[in-house]
Every structure is written in C-alpha cells, then in structure tokens.
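Descriptive analysis of the structure
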Amino acid sequence: LGVNILVNQLTKLGPNGNYTLGDSVDFSKILGLDYGDRNPILRDAYDFIVVGAGPAGCVVANRLTENPNVNVLLLELGRAEIPIVQDIPAAFLYQPSTDYNFGYLTEPQREACLGLMEKRCAWHHGRGLGGSTIINNMIYTRGNFRDYDMWNASGNPGWSYADVLPYFLKSENANLKEFQSNGFHRKGGYLSVEDADFLTSIAPAFVESAKQAGFKYIDYNSKDQLGVSYFQHNTKNSVRVTSARAFLKPIAERKNLHILTRAWVTKVLFDESTKTAIGVEYTRNKQRFTARATREVILSAGAFGSAKLLMLSGVGPKLDLENLDIKVIHELPVGETLYEHPGVIGPVFIVRNPKDNIVNIHDFDSIPALLKYFLLKDGPLSSPLTEAVAYVKSPYSPKEDPEWPDVEIIQVGIQLGDDASPGAQNYFRVNDSILSSYFKPLFNTRAFMFLPLLMHSRTKGSLKLKSTNPYNHPLFKYQYFEDDRDAKALAYGIQVAINITRQKPFVDMGVELYAVKLPGCESFQFDTFEYWE
Ligand SMILES: Cc1cc2nc3c(=O)[nH]c(=O)nc-3n(C[C@H](O)[C@H](O)[C@H](O)COP(=O)(O)OP(=O)(O)OC[C@H]3O[C@@H](n4cnc5c(N)ncnc54)[C@H](O)[C@@H]3O)c2cc1C
C-alpha cells in the first residue's frame, strides 16, 4: 500500500507529471549520498575533469583516483540517489516516471510506436549519481565477444574481447549459483552480480521449454550466447546497485576526488591553437563556473549527452554548427550514427493452470510481500520482473556469422496491464485505448509477456542540436523500421518465442497465446508472420 501511494504521488505531481521527493528535500545532503567530500574546497585546476556520473564516469573517476597523486573533478547534473524507493528491484517500472530520467521522446513515428501516446516512443535516459543505473533494469549483460572484436577491427585498438574481458572480471563481484567458476566470473571487484532471489513460475517453464525447442542452456555472459539463460543482475542481496553505489561509495574518503552534483556542464573549453581541451564551463545553483583540466577532460555524459556537449562546444558537423552560429573548433561527424534496439511489448500469454498465484503486480507489493522484502530481502519485490532470456539468430541479421544472435527474447513474469498505478503505462507510453482494450482485460488473470528486442538494427538515425541552449533536449532524427528487415527480424523473433510456449513445460501449465487482435491489425490473419510484422 505504501509503495502504491508513494508511486502514485511520485508519478502524478509536478508540472510535467514528474516529481520526486528530492525536489523538496535534498537527500544527498541529509544522507551524505553524494559519495564524496560534500563541501569540497574546489581547486583551480584538476588533472582530470570527468563529465557525467553514469557507469562510465563512476568507473573512470574511481580508477583514476587510485593514484593519490592524481586529482579528479566529477561533475554530474543530477542529484544523488534516493534510497529505499530506488533500491527495490520490482519498482524499476516507476523510476523513469521520476525526474531521475531526462524524459526524452522520439519524434512522432510513421511505422512504429503506433499504439503509444502521440506515436512517440520514450527514450528513457537516467540522470543523477549513477546515471541510467538509477532507473535501469539491472540486467548484467556484457555483450557478444564478436561485437568487441568488430569495434577493435574497425579502428579502435584496445577494444577487442580479449582486451575488455580482464576489465569485466576486474570489476565484478559475482555471486552466482551455477556459473561462478566457468572462467567468466570472479569475486572481489566493486560491482555485485547475482542471480535473482525470486522467480515467478514462468521463468523455469520458459528455460525448460526453450531447451526442448532446441536452445542450449548457457551463461549469456560467457563467450557462447546463442541459447537460453536466466538473467544475472546488478543487485546486492536483492538491492539495486547503481554504478555510484558500486564505484563511488567505497572510495568516499579519497581526498583526490571531488564530486559535484547539480553541476551542468554547458561547454568544453579548448585551446584553439592546439585544439586541446583545457577545461569546462558549468552551471550550478544558477551561477556559471569554469574548471580547468591540466591533463584531460573526459566526456562520460551518456550516448546523447556526450554528443550534445561536443556539438555545443564546436566539435561536430560543420554545416549544422554554422547554422546555429556555433564556432567550429573541429569538424567531425558527431551525432550522425544513431542506432536503437527496437523492441515489442508482447506477445502476451494466458496461463490456465498456473503454478503460482500471481495475477497482477499488486501480488508483488502486498503487505506480506513488503514485509518479506524489507525484513528478509526476499520475495517478489526482489524481482526485476525480467527473468530469463533466449538469444536468436534471425535470417534478417546483417551479420553472416551463424552464431552471432540478433534478437533477444526477454521473458517477463507478468504483463503490461497488471499494474493499477500509472507506472507501467508511463514506462511504455501505451495509449489509453490500447491499454484498456488489450492489456487491462487480463488484469486479474494469470498472464505474462515477452519483450523481443533487436540487437543489430539496420535503421540508422542521427542526433542534432535543437538550439544553442544547453538545457534543451537534443533533436532525434530517427524513424523505426525505415529498413523493413528490422521489423521482419522482430516478427521472426516473436514466432520463435511463440514456438517456445508450445513445448511441454509451458503446455503443462496451460499456456495459451492471448488471441485478441491488436487494434489496428484487424485486417491481418492472427498469428501469421504478416500479422506480427
Ligand atoms: C530504462 C532503462 C533500462 C535499462 N536497462 C538496462 C539493463 O537492464 N542492463 C544494461 O546493461 N543496461 C541497461 N540500460 C542501459 C544502461 O543503463 C546504459 O547503457 C548505461 O547506463 C550507460 O552508461 P553511461 O555511463 O554511458 O551513461 P549514463 O548512464 O547515461 O550516464 C550519463 C550521466 O551523465 C550525466 N550528464 C549528461 N550530460 C551532462 C552534462 N552536460 N553535465 C553533467 N552531467 C551530465 C547524466 O545526468 C547521467 O548521469 C537501460 C537503460 C535505461 C534508460
């Protein structure tokens, strides 16, 4: 009840419907969660200035300051985390409704997002000490070894799998039941990785059914990724571990690291004669400041934030910068390659002979479930709801290697309509009509869904500046499925997922494809490739 009331309040208040308690109360000050010297006497110059405290910035700030002779200023425009509310894995659905999310939206779409509000997809992007790890799903995924080898081969020495694996291992503090000793995990690092404490009955049925459908049972964080696996999570004893908690909290006493929250970097300053970054300009408490860097300015402001900041500073496509009267320091194709991993909300399945008594999300936050979580860190609230995954190679993949998957089928323990609060709707931006006609009728029925995601999208977009105002959202020029092989690959993935549900473990549970046609797709024959496409 408490979580529901809180979530309803958090998702309703504020001019844009975005409000957190932190707007009125500075938790970072009260609780000391700025993870560093809270009132640092700032230096005129630092060896390194790190912009953005997401996973990249937190790790870099930590590793650089291992050397006591190096000093670092970490600037983050958001605030520190809010404990309790952000800790609970099952509450991840509600995090993007808070202002720990930039709230980016795509432009209205022609071929996708058609059941979403204004036909615009939400591009959630976290902000605060921890960046997107404050609001993300906590799934620990390293990526495919071939991706790194491809990066390396395309002109980025030092990024091959052989190069990065030692760093994954160095960071990790794994606590895994099955795969602890397979050579791809270790204990002792800063970043906790663990199995989910709680799984719905859907998860083992999915894994067993996938095996019967021919999938290998794998550790998806090893080299072999074509198969089925339970997810591993960045949680510790079922509490979310953000990158700030993992990499900044343990080093809070280091005097050579200064962390400033609510510090919005507006420009990288350059020595124009050498094109060397020499510092940054930032705003804080409505005042403008500069900080100088004697060695490097490191941009870790996220995929969108770093590109935006470079362009604001005069590094980017010449014409675009000149059109905005930004002095060109150096011409580079910044923002010109934007890939998304499109996903589908569904298909949805009804379970006729369920092996658990979960019918909606409120079985997760019932009084017994709350007590179990807060007293024992166990029970349904400890679940991030995304439970297991199968990796698929579609015939539409741009990669020739048959072992290089392009579709990821994520199994979710419940379905989108199982939330009585606005949280799930806000997360996906599903419009009222689709929500009430398609998802809500299953509110009190045992049901679940998949989230098939495309990993190697062929559609490419770009990111531009809307204006020279550093606080404006960037302009995303991206239209999903411009290359129709992307939609075909996802339709293929959906059919593979449906085939998994036709195997014995799922059949024994009475799992049935929810046979209601999606509004707008009435003219297609249900459950054909064309229908899903
Ligand atoms: C809803 C959601 C779910 C996700 N789920 C998963 C998952 O389950 N597993 C997974 O592996 N990945 C997941 N991701 C992706 C993952 O969180 C990101 O890949 C990762 O956080 C990127 O890290 P980063 O350090 O590059 O940037 P970010 O995490 O984006 O951090 C960038 C930081 O820079 C700050 N910043 C930006 N501009 C400025 C500026 N001008 N001045 C000062 N500070 C600035 C931002 O406020 C932010 O804190 C998810 C992401 C989202 C949004």
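Calculation rules
Residues numbered from 1 in each chain as written. Predicted model: local features only at pLDDT ≥ 70, side-chain atom pairs only at ≥ 80, totals over all residues. Near = placed C-beta within 6 Å. Nonpolar A, V, L, I, M, F, W, Y, C, P; charged D, E, K, R; others polar. Helix = DSSP H or I, 4+ residues; strand = E, 2+ residues; numbered from the N terminus. Buried ≥ 20, exposed ≤ 12 C-beta atoms within 10 Å, placed from the backbone. Contact = placed C-beta atoms within 7 Å. UniProt positions renumbered as here; feature names shortened; annotations may be inferred. Pairing = 2+ DSSP bridges. Axes fitted to C-alpha atoms, helices over the stretch in contact; angles between N-to-C directions. Expected span 1.5 Å × (residues − 1). Arc of directions from axis to C-beta. Core = buried A, V, L, I, M, F, W, Y, C linked by C-beta atoms within 7 Å.

What follows is about the site of the ligand. As a matter of local geometry, the ligand sits amid 33 residues, with Gly52, Gly54, Gly131, Gly302 and Gly305 nearest to it. In the shell around the ligand, the residues fall into 14 nonpolar, 17 polar and two charged.

What follows is about the environment of Thr445. With respect to the secondary-structure elements, Thr445 resides in the loop between helix 12 (432-439) and strand 20 (447-454). Residue class for Thr445 comes out partly exposed when judged on the 16 C-beta atoms lying within 10 Å of it. Thr445 sits 144 residues away from Ala301 along the chain, and the two C-alpha atoms are 42 Å apart. In contact with Thr445, other than residues within four places in its own chain, are Ile350 and Val359.

Look at the UniProt record and you will see "binding site: FAD" (unreviewed entry) annotated at Val265. The topology assignment puts Val265 in strand 12 (residues 264-271). You can call Val265 buried: it has 26 C-beta atoms within 10 Å. When residues no more than four places from it in sequence are discounted, the contact partners of Val265 are Val51, Leu75, Val280, Tyr282 and Leu309.

A separate point is the sheet that holds strand 23 (residues 511-513). Pairing is antiparallel in the open sheet, where six strands are placed in the order 7-18-19-20-17-23. Pairing within the sheet leaves two strands with one partner each, and these edge strands are strand 7 (228-230) and strand 23. The mean inter-strand angle of the sheet, taken between neighbouring strand axes irrespective of direction, is 25°. Where strand 19 (residues 407-412) meets strand 20, six bridges bridge the pair, whose relative direction is antiparallel. Each residue of the ladder has a partner; that of Ile409, found in strand 20, is Pro452.

Let us look at helix 13 (residues 485-501). Over its 17 residues, helix 13 runs 25 Å from end to end, which matches the ideal 24 Å to within 8%, given 1.5 Å per residue. Here helix 13 lies mainly inside the structure; twelve of its 17 residues are buried. Listed as buried for helix 13 are Asp486, Ala487, Ala489, Leu490, Ala491, Tyr492, Gly493, Ile494, Val496, Ala497, Ile500 and Thr501.

All buried positions along helix 12 are accounted for by Ile434, Tyr438 and Phe439. Angularly, the buried residues of helix 12 cover 70° about the axis, an arc narrow enough to put them on a single face. In helix 12, the exposed positions that point more than 90 degrees away from the buried face belong to Asp432, Ser433 and Ser436.

Turning next to the nonpolar core. Ranked by internal contacts, the top residues of the largest apolar core, which has 79 residues, are Ala390 and Ile409. A per-element tally of this core places helix 13 first, with nine residues. Residues in contact with Ala390, not counting those within four places in the same chain, are Ala210, Phe215, Val228, Ile409 and Ile500. Residues Leu73, Phe247, Leu465 and Tyr478 belong to the second largest nonpolar core, which totals 54 residues.

Here the focus is the environment of Ala293. Looking at the element boundaries, Ala293 is found in strand 14 (residues 287-299). Ala293 sits 131 residues away from Ala162 along the chain, and the two C-alpha atoms are 32 Å apart.

Next up on the list: the environment of Thr337. Mapped onto the elements of the fold, Thr337 is located in the loop between strand 16 (330-331) and strand 17 (348-351). Once the C-alpha coordinates of Thr337 and Gly461 are considered, the two residues, 124 residues apart in sequence, prove to be 6.1 Å apart.

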